[in-house]
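For reference, the chains in residue letters:
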Amino acid sequence: MIEFKFPDIGEGVTEGVLLHWLVKPGDKVQEGDSLCEVETDKVTTEMPSPVDGVVERCHGKVGETIAVGDVLVTFRTSEDENEKDDTDKNTFKDQPREEPAEENAGVVGTLDVSEELMETSREGIPAVEPSAAGIPEKVLATPVARKMAHDQGVDIRQIKGTGPAGRVMKADIQRFTSSQPKGPESSLVSPTANHGSDPVERMKLSNLRKAIMKKMVESTSSIPHTTAMDEIDVTSLVEYREKVKHLFVDEHQVKLTYLPFIIKALTTTLAAHPRFNSQLDESNQELVLFKAYHIGIAVDTPEGLTVPVIRNADQKSLLALQLEAEKLSRAARERTLKLEQVKGSTFSITNYGSFGASFGTPIINHPEAAILGIG
């Protein structure tokens, strides 16, 4: 049997909502066939099968939240048929498997876990010196346990693992945190406590809304924001666009908007002022200056704000920029963006002029150094 687990697809994605199944138990699938559709806080994507085989079991119900490392599908492959007879297979299926959601969490299928440790990323985590008691800097632990320890601010080196070879498991983190003394209970009052019997409406936050909230808090709390506002006379640009905006309608069914002109002006400006096309590497205390110009464009959708990326924008023509911007905006509204289309931006643009506002104070798209707001 092969267990396909919800993989770590990067960009900080740790969970998703199972939208619907595309297969059912008994279905034969080939490698690459879509198994289910999952909505993350970044994109909505289909999960491809890692093998040829027969679907033995679909784990999870539609609407449920699944975490990285959770088993999505169990497969029966030709190797199972060749290696064991039916009795052996039934015996195998009846045997319990400890911690299925943790071992090799975030990988496709199952892998033999080496006892040799791989250095985990410590980006954004302050360096911790080994204690006098000799607690090792590296600890054998499952990815699920590491994430839980990180989220709860627990030093995983203090925890004794109960898994194979002393591996720290999710249950070990839970036992450790439950044994810690609780602080005084909060005296904060519920936001709706004073409304009595007044009617209220509660709206469950979508993954995208939660991601936006987290991203905005992260940006405003870690990046000092300062805003400069100015008015620019673009009379000549307006006149020029009126002359050329219909040039591509017949062949490409598209009108030139102001966005391609703004992107062209922006990339020229960033080349002259490279520190704005940068990110801060806090761990090494370095400013990383990018030589490429990948421009994020904020798109308002019914679910919330999404920032797809036009890569190498300085190398594209006005028409190419217009076509790509429309393609990305449409995909954002239809929730069909791919992960590679929403990551890697070096600078972003937002347009509050679409709401009739002349001026605004946009929030920087963390970890970028700056943002351009258009009124």
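You'll find the structure just up there.
On a predicted model such as this, the values are computed, not experimentally measured, just so you know.

**Some remarks on the overall build of the chain**
Right, so step 1: A count of helices and strands for the chain gives nine helices and 16 strands.
Right, so step 2: Of all 375 residues assigned to the chain, the portion counted as buried reaches 33%.

**Structural notes on the packing of helix α3 (residues 143–151) against helix α4 (residues 170–179)**
Right, so step 1: Closest axis-to-axis distance for the α3/α4 pair is 8 Å, and the angle between their directions is 25 degrees. Compared by their axis directions, α3 and α4 come out roughly parallel. Facing α3, whose interface residues are Val144, Ala145, Met148 and Ala149, α4 presents Lys170, Ile173 and Gln174.
Right, so step 2: Across the contact of α3 with α4, the residue classes tally to five nonpolar, one polar and one charged.

**Focus: the sheet that holds strand β11 (residues 295–297)**
Right, so step 1: With respect to topology, four strands assemble into an open sheet ordered β14-β11-β15-β16, the strand pairing being mixed. Strands at the two margins of the open sheet, each flanked by one partner only, are β14 (309–310) and β16 (371–374).
Right, so step 2: One ladder, built from two bridges, connects β11 with β14; its direction is antiparallel. Bridging across to β14, isoleucine 295 finds its partner in isoleucine 310.
Right, so step 3: Against the sheet, helix α8 (residues 259–272) makes contact with β11, β14, β15 (347–351) and β16, and its axis sits at roughly 145 degrees relative to β11, the strand it touches most.

**Here's the deal with the pairing of strand β10 (residues 286–289)**
If a strand is regular, its side chains alternate between the two faces of the sheet.
Right, so step 1: Pairing of strand β9 (residues 278–281) with β10 involves four bridges; the strand directions are antiparallel. Residue pairing in the sheet places glutamine 279 in a bridge with valine 288 of β10.
Right, so step 2: Joining the antiparallel neighbours β9 and β10 is a turn of four residues, in which glutamine 285 adopts a positive phi near 55 degrees.

**Notes on the packing of aromatic side chains**
Right, so step 1: According to the stated counting rule, one finds one aromatic pair in the structure shown.
Right, so step 2: Each ring, one from tyrosine 240 and one from phenylalanine 261, has its centre 6.1 Å from the other, and the planes form 90 degrees; the classification is edge-to-face. Of the two residues, tyrosine 240 sits in helix α6 (residues 235–244) while phenylalanine 261 sits in helix α8, which places them 21 residues apart along the sequence.
Right, so step 3: Its relative accessible area of 13% is what places phenylalanine 261 among the buried residues.
Right, so step 4: The residue whose ring lies beneath arginine 241 is tyrosine 258, and the NZ or CZ to ring-centre distance is 4.5 Å.

**Let's talk about the nonpolar core**
Right, so step 1: Membership of the largest hydrophobic core comes to 21 residues, with the highest contact counts inside it found for Ile263, Ile295, Ile310 and Leu337.
Right, so step 2: Only α8, β11, α9 (318–334) and β15 provide two or more residues apiece to this core.
Right, so step 3: Tallying contributions element by element places α9 first for this core, with five residues.
Right, so step 4: When near neighbours in sequence (up to four residues on either side) are disregarded, isoleucine 310 contacts Ile263, Tyr293, His294, Ile295, Ile297, Lys316, Leu321, Glu324, Ala325 and Leu328.

**Comments concerning the environment of glycine 32**
Right, so step 1: With respect to the helices and strands, glycine 32 occurs in the loop between β3 (28–29) and β4 (34–39).
Right, so step 2: Separated by 19 residues in the primary sequence, glycine 32 and valine 51 place their C-alpha atoms 7.5 Å from one another.
Right, so step 3: Contact partners of glycine 32, with chain neighbours within four places excluded, come to Pro48 and Ser49.

**A look at unusual backbone geometry**
Right, so step 1: Proline 367 follows histidine 366 through a cis peptide bond whose omega is 10 degrees.
Right, so step 2: Residue position: proline 367 is located in the loop between β15 and β16.
Right, so step 3: One non-glycine residue, glutamine 253, lies in positive phi territory at about 55 degrees.
Right, so step 4: Inspection of the secondary structure assignment puts glutamine 253 in the loop between α7 (249–252) and α8.

**Focus: the pairing of β4**
Right, so step 1: Within β4, five of the six residues are buried, leaving the element largely enclosed by the surrounding structure.
Right, so step 2: Across four bridges, strand β2 (residues 15–21) lies against β4 in antiparallel orientation. Looking across to β4, one finds that tryptophan 21 is bridged to cysteine 36.
Right, so step 3: As defined by bridge partners, β4 adjoins strand β5 (residues 44–48) across five bridges and the pair is classed as antiparallel. The partner of cysteine 36 across the bridge, within β5, is methionine 47.
Right, so step 4: Linking β4 to β5, which pair antiparallel, is a turn of four residues.

**So, the environment of glycine 153**
Right, so step 1: Structurally, glycine 153 can be placed in the loop between α3 and α4.
Right, so step 2: Between the C-alpha atoms of glycine 153 and threonine 177, which are 24 residues apart in sequence, the distance is 9.9 Å.

**Observations concerning the pattern of salt bridges**
Right, so step 1: Within this structure, the stated rule accounts for eight salt bridges.
Right, so step 2: One salt bridge in this structure joins arginine 76 and glutamate 56, with 2.4 Å as the shortest N-O distance. Remark: glutamate 56 occurs in strand β6 (residues 53–58) and arginine 76 occurs in strand β8 (residues 71–76); sequence separation between them is 20 residues.
Right, so step 3: Using a relative accessible area of 24% as the deciding quantity, one classes glutamate 56 as partly exposed.
Right, so step 4: One salt-bridge network, in which partners are shared between bridges, spans Arg241, Glu242 and Lys245.

Calculation criteria
Residues numbered from 1 in each chain as written. Predicted model: local features only at pLDDT ≥ 70, side-chain atom pairs only at ≥ 80, totals over all residues. Heavy atoms only, no water. Helix = DSSP H or I, 4+ residues; strand = E, 2+ residues; numbered from the N terminus. Buried < 20%, exposed > 50% of the residue type's maximum accessible area, 1.4 Å probe, protein only. Axes fitted to C-alpha atoms, helices over the stretch in contact; angles between N-to-C directions. Parallel < 35°, antiparallel > 145°, perpendicular 65-115°, else oblique. Contact = heavy atoms within 4.5 Å. Nonpolar A, V, L, I, M, F, W, Y, C, P; charged D, E, K, R; others polar. Pairing = 2+ DSSP bridges. Phe/Tyr/Trp six-rings, centres within 6.5 Å; stacked < 30°, edge-to-face > 60°. Lys NZ or Arg CZ within 6 Å of the ring centre and 35° of its normal. Core = buried A, V, L, I, M, F, W, Y, C linked by side-chain atoms within 4.5 Å. Salt bridge = Lys/Arg side-chain N within 4 Å of Asp/Glu carboxyl O.

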